[in-house]
Amino acid sequence: MTDAPLTSLRAALPALRLLTDPADLEHYGRDWTRRWRPAPLAIALPDSAAQVQALVRWANAEGVAIVPSGGRTGLSGGAVAAHGELVVSLERMQQVLGFDAVDRTLTVQAGIALQRVQELAREHGLQYPVDFAARGSCSIGGNIATNAGGIRVVRYGNTREWIAGLKLVTGGGELLELGRALVKNSSGYDLRHLAIASEGTLGIIVEATLRLTDPPPATNVMLLALPSFDALMQVFSAFRERLQLQAFEFFTDVALTHVLAHGAQAPFAETHPYYVVTEFASDAASEAEAMAAFEQCMASGWVSDGVISASDAQAAALWRLREGITESLARHVPYKNDVSVRISAMPAFLADTQALLAEHYPHFEVVWFGHIGDGNLHINILKPENMPQEAFVADCERVTKLLADVLQRHSGSISAEHGIGLVKKPYLGCTRSAAEIAAMRGIKAVLDPNGIMNPGKLFDPD
Ligand code: FAD
Ligand code: 2HG
Ligand code: ZN
């Protein structure tokens, strides 16, 4: 890449902070997938919506592609810049712009970390309920751009439910204020929802007004050991019938082995094939219901053992067993599937998927975990140490094609919460019809007429 575009950018926006060091290009050009070699043109660090808008206008004039960048914790390659794009990182846009106690909203610049938003909500006696292990590093802009889910969806829903309004600098360089934080607004298309899960392909989210809610109740965390996959849905039904669940997550013994090797403490003396972490209010009535559900599951043979937290430290230790999985697997460069079906379709889908993976992956270690209460499975295939990454990915892609067929049969989604990005692009058609994809392309053409926003992510350019 020549220096000409950078010279032009410096002339157009002299106050813009720009990074061009090879170490910075490497650092900002990748996300957690680690599959593509980063090769961005440069890294732009704007500090205001006005600077973002000026940048996008410059990029249109010069024909330079932009990759919006948050915390780069994404797992689908959405924030990867491997083709001379300009990475626009929002890390200098972390200001808190306002809190409204009557509306119960918090307005922030989009580069702020999820964890900071959670803390601010608590300081106001409220809660921002989206939550997951990358909370310290991921940004609100990235959460919106992927419609992030996490461990409390079963109780509170995805990011989409919590976005009262947002500001988007479109690919065409317009600054749109979407939603206005109104509770009621029936004045035509709600463009805010197009920005949610758009993966940076329509524009750059520069600001968001987040809904806050009542603080969560004091809770107990329970870890259950299960003998079989079949028992999972039975246990979920038994607990959900009696309790308002704050979380209901599962993982396998293989996942536990990796987390323990990463420093966590074994919860039981014996190992079991499956585990569930569930969380519910700790008042006396809820505890009694939880014990009744536990006994019912033990009597039915769906649960083999269990432990309930007696302190915050124990609750955190139990959560670590579930939340530590992704980090504990990272060194194996896993091939990730993040699939979903309706909860009612889960038992049949699980049976078909288990059979498929047993037939096609006998030679790889397969780690199952996820948000069973949302119908969302994470299937991580671990790369054998001595296998070249290209051959490994090719083998996994072969099986993902078959998994996509299974998903199509069960009306599921190839991406439940991580996004399509680069990783799942070939399989978008198993989740979305040709007519839907054509409509998505049409929307992109309107908001990003020159196709400069994150080209090649979600779908290929026309
Ligand atoms: P990035 O990775 O920087 O970007 C993600 C996508 O959003 C890219 O397409 C990027 O171009 C776009 N983007 C980023 N910022 C903007 C913006 N301001 N405007 C427009 N587009 C933008 N995800 C879940 O849903 N649930 C989980 O439970 C979960 N757990 C995780 C645990 C770990 C340990 C890790 C590493 C990841 C996990 N993730 C999870 C995935 C990831 O954290 C989320 O997808 C998160 O929302 C990404 O935020 P980010 O700021 O890191 O985005
Ligand atoms: C989780 O639920 C995240 O822990 C990450 O969505 C899933 O690493 C994964 O596959
Ligand atoms: Zn998840």
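Model, not experiment: these values are computed from the prediction.

So, how was this worked out
Residues numbered from 1 in each chain as written. Chains lettered and ligands numbered in written order. Predicted model: local features only at pLDDT ≥ 70, side-chain atom pairs only at ≥ 80, totals over all residues. Heavy atoms only, no water. Helix = DSSP H or I, 4+ residues; strand = E, 2+ residues; numbered from the N terminus. Rg over C-alpha atoms; globule rule 2.2 N^0.38 Å. Buried < 20%, exposed > 50% of the residue type's maximum accessible area, 1.4 Å probe, protein only. Contact = heavy atoms within 4.5 Å. Areas by Shrake-Rupley, 256 points an atom, 1.4 Å probe, with all protein chains shown as cover. Lys, Arg positive; Asp, Glu negative; His and termini not counted. Charge placed at Lys NZ, Arg CZ, Asp CG, Glu CD. Donors = N, O, S within 2.8 Å, 3.2 Å for Na, K, Ca; no water. Near = heavy atom within 4 Å. Polar contact = N/O pair within 3.5 Å; in protein donor to acceptor, adjacent residues only side chain to side chain. Nonpolar A, V, L, I, M, F, W, Y, C, P; charged D, E, K, R; others polar. Pairing = 2+ DSSP bridges. Axes fitted to C-alpha atoms, helices over the stretch in contact; angles between N-to-C directions. Left-handed = near helix turned anticlockwise from the far one by under 90°. Phe/Tyr/Trp six-rings, centres within 6.5 Å; stacked < 30°, edge-to-face > 60°. Lys NZ or Arg CZ within 6 Å of the ring centre and 35° of its normal. Salt bridge = Lys/Arg side-chain N within 4 Å of Asp/Glu carboxyl O.

## Quick look at the overall build of the chain
Then step 1. Helix and strand content of the chain: 15 helices and 16 strands.
Then step 2. Expected size for 462 residues packed as a compact globule is a radius of gyration near 23 Å; at 23 Å, the chain falls within 12% of this value.
Then step 3. By its C-alpha atoms, the chain is 70 × 55 × 45 Å across when sized along the principal axes.
Then step 4. For the chain, the proportion of its 462 residues judged to be buried stands at 55%.
Then step 5. If you take every contact in the chain between residues at least 6 apart in sequence, the share linking residues at least 24 apart comes to 73%.
Then step 6. When the accessible surface of the chain is summed, it comes to about 19,600 Å², and 50% of that surface belongs to carbon and sulfur atoms.
Then step 7. Both charge centroids of the chain, one from 38 positive and one from 50 negative side chains, sit 4 Å from each other.

## A word on the coordination of the zinc ion (ligand 3)
Then step 1. Surrounding the zinc ion (ligand 3) are the protein donor atoms His371 (NE2), His378 (NE2) and Glu417 (OE), at 1.9 to 2.1 Å.
Then step 2. Taken in chain order, the donor set of the zinc ion (ligand 3) reads H-x6-H-x38-E. One end of the pair, His371, is in strand β15 (residues 365-371); the other, Glu417, is in the loop between α14 (389-409) and α15 (434-447), and 46 residues separate them in sequence. Note on accessibility: His371 and Glu417 belong to one class, buried.

## Concerning the site of ligand 1
Then step 1. Taken together, 34 residues form the shell around ligand 1, and within it Pro68, Gly70, Gly71, Thr73 and Ser139 come nearest.
Then step 2. Here an oxygen atom of ligand 1 sits 2.8 Å away from a polar atom, N or O, in the main chain of Gly70.
Then step 3. In the model, an oxygen atom of ligand 1 is placed 3.3 Å from a nitrogen or oxygen of the Asn454 side chain.
Then step 4. Alone, ligand 1 offers 970 Å² of accessible surface; in the complex the protein occludes 96% of this.
Then step 5. If you list the elements that add at least two residues to the shell around ligand 1, you get β3 (66-69), α5 (140-146) and β9 (203-211).
Then step 6. Partitioned by chemical class, the residues of the shell around ligand 1 number twelve nonpolar, 19 polar and three charged.

## Re the pairing of strand β7 (residues 163-170)
Then step 1. Within β7, seven of the eight residues are buried, leaving the element largely enclosed by the surrounding structure.
Then step 2. Sheet topology note: the β7/β9 ladder contains seven bridges and is antiparallel. By the bridge assignment for β9, Leu168 is matched with Ile205.
Then step 3. Here four bridges tie β7 to strand β8 (residues 175-178), and the two strands are oriented antiparallel to one another. Considered in β8, the bridge of Val169 is made with Leu175.

## Looking at the site of ligand 2
Then step 1. With respect to spatial proximity, the complete set of residues near ligand 2 consists of Leu75, Arg322, Thr326, Lys336, Phe369, His371, His378, Asn380, Glu417 and His418.
Then step 2. Arg322 places a polar side-chain atom, nitrogen or oxygen, 2.7 Å from an oxygen atom of ligand 2.
Then step 3. Contact between ligand 2 and His378: an oxygen atom at 3.0 Å from a side-chain N or O atom of the residue.
Then step 4. Considering ligand 2 on its own, with 300 Å² of exposed area, one finds that the protein chains cover 88% of that surface.

## Some points on the packing of helix α1 (residues 4-12) against helix α3 (residues 49-62)
Then step 1. Relative orientation of the contacting elements α1 and α3 amounts to 140°, with a least axis distance of 11 Å. Here the hand of the crossing between α1 and α3 comes out right-handed. For the pair formed by α1 and α3, the contact residues are Pro5, Ser8, Leu9 and Ala12 on the first element and Leu55, Trp58 and Glu62 on the second.

## Points about unusual backbone geometry
Then step 1. Within the chain, Asn147 stands out as a residue other than glycine whose phi angle is a positive 50°.
Then step 2. Along the chain, the position of Asn147 falls in the loop between α5 and α6 (153-156).
Then step 3. The buried category is assigned to Asn147, whose relative accessible area is 13%.

## Remarks on the sheet that holds strand β1 (residues 17-19)
The strands making up a sheet associate through backbone hydrogen bonding, with each pair oriented either parallel or antiparallel.
Then step 1. Strands sit in the order β1-β2-β4-β3 across an open sheet of four strands; the sheet is mixed. The open sheet has two edge strands with one neighbour each: β1 and β3. In this sheet, neighbouring strand axes are inclined to one another by 25° on average, regardless of whether the strands run parallel or antiparallel.
Then step 2. Judged from the four bridges that link them, β3 and strand β4 (residues 86-89) form a sheet pairing that is parallel. Across the sheet, residue Ile66 finds its bridge partner in β4, namely Leu86.
Then step 3. Across the sheet, α3 is in contact with β2 (42-45), β3 and β4; its angle to β4 comes to roughly 170°.

## Description of the packing of aromatic side chains
Then step 1. Within the structure shown, the criterion is met by nine aromatic pairs.
Then step 2. Pairing Phe236 with Phe248 gives two aromatic rings, centres 5.0 Å apart and planes at 55°, and the pair type is tilted. A residue pair is termed long-range when its members are at least 10 positions apart, and Phe236 in helix α8 (residues 230-242) and Phe248 in strand β11 (residues 247-252) qualify at twelve residues.
Then step 3. Taken together, the ring pairs in this structure connect Phe229, Phe250, Tyr274 and Trp368 into an aromatic cluster.
Then step 4. Arg441 extends its terminal NZ or CZ atom over the ring of Phe459, reaching a point 4.8 Å from the ring centre.

## Things to note about the pattern of salt bridges
Then step 1. For the structure shown, the criterion picks out 19 salt bridges.
Then step 2. Of the charged contacts, one joins Asp190 and Arg192 as a salt bridge, the two residues approaching to 2.4 Å between their closest N and O atoms.
Then step 3. Here the salt bridges share partners, and the residues they tie into one network are Asp131, Arg135, Arg152, Glu279 and Glu323.

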